[in-house]
Amino acid sequence: MSALKLTQEQHPFYFSVKALVKMLRLDIINSLVTAIFMIIISVLALTSESTFTVLGGVFGLLAAVCCIADAALIYRKLLFNPSGPFQKSPDKI
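Definitions and cut-offs
- Residues numbered from 1 in each chain as written.
- Predicted model: local features only at pLDDT ≥ 70, side-chain atom pairs only at ≥ 80, totals over all residues.
- Heavy atoms only, no water.
- Helix = DSSP H or I, 4+ residues; strand = E, 2+ residues; numbered from the N terminus.
- Buried < 20%, exposed > 50% of the residue type's maximum accessible area, 1.4 Å probe, protein only.
- Contact = heavy atoms within 4.5 Å.
- Areas by Shrake-Rupley, 256 points an atom, 1.4 Å probe, with all protein chains shown as cover.
- Expected span 1.5 Å × (residues − 1).

Draft legend 1. Geometry of the overall build of the protein. Summing up its helical and strand segments, the protein has two helices and zero strands in all. Split into buried and exposed, the 93 residues of the protein put 18% on the buried side. Contacts spanning at least 24 positions in sequence make up 63% of the contacts within the protein whose residues lie at least 6 apart. In the form shown here, the protein has an accessible surface area of approximately 8000 Å², with 70% of it arising from carbon and sulfur atoms.

Quick look at the structure:
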């Protein structure tokens, strides 16, 4: 059996830079949805009168802040480097 070699047309999408950018966008959406969910659950936990439940609500709010920071850092990475880690070299004349 011959070894399977992929040409440029057959190159899988998940190995491309576009796939990396789309995954980063999905990660931003995932972080924001998680943060909204954690804020809602934490506010509901803070309305309780039990000490441990209130403590859980505070830690939930801290987790939501971490999710928002994660989304902001990924957005910043995507904004300043949209094509991935590869640098395009200038044309040599």
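Draft legend 2. View of the environment of isoleucine 74. With respect to the helices and strands, isoleucine 74 occurs in helix 2 (residues 51–80). For isoleucine 74, a relative accessible area of 9% gives the class buried. Among all residues touching isoleucine 74, those that are not within four sequence positions of it are Leu24, Asp27 and Ile28.

Draft legend 3. Focus on helix 2. Under the 1.5 Å per step criterion, the end-to-end length of helix 2 is 44 Å for 30 residues, consistent within 8% with the ideal 44 Å. Among the residues making up helix 2, those that are buried are Gly57, Gly60, Ala64, Cys67, Ala71, Ile74 and Leu78.

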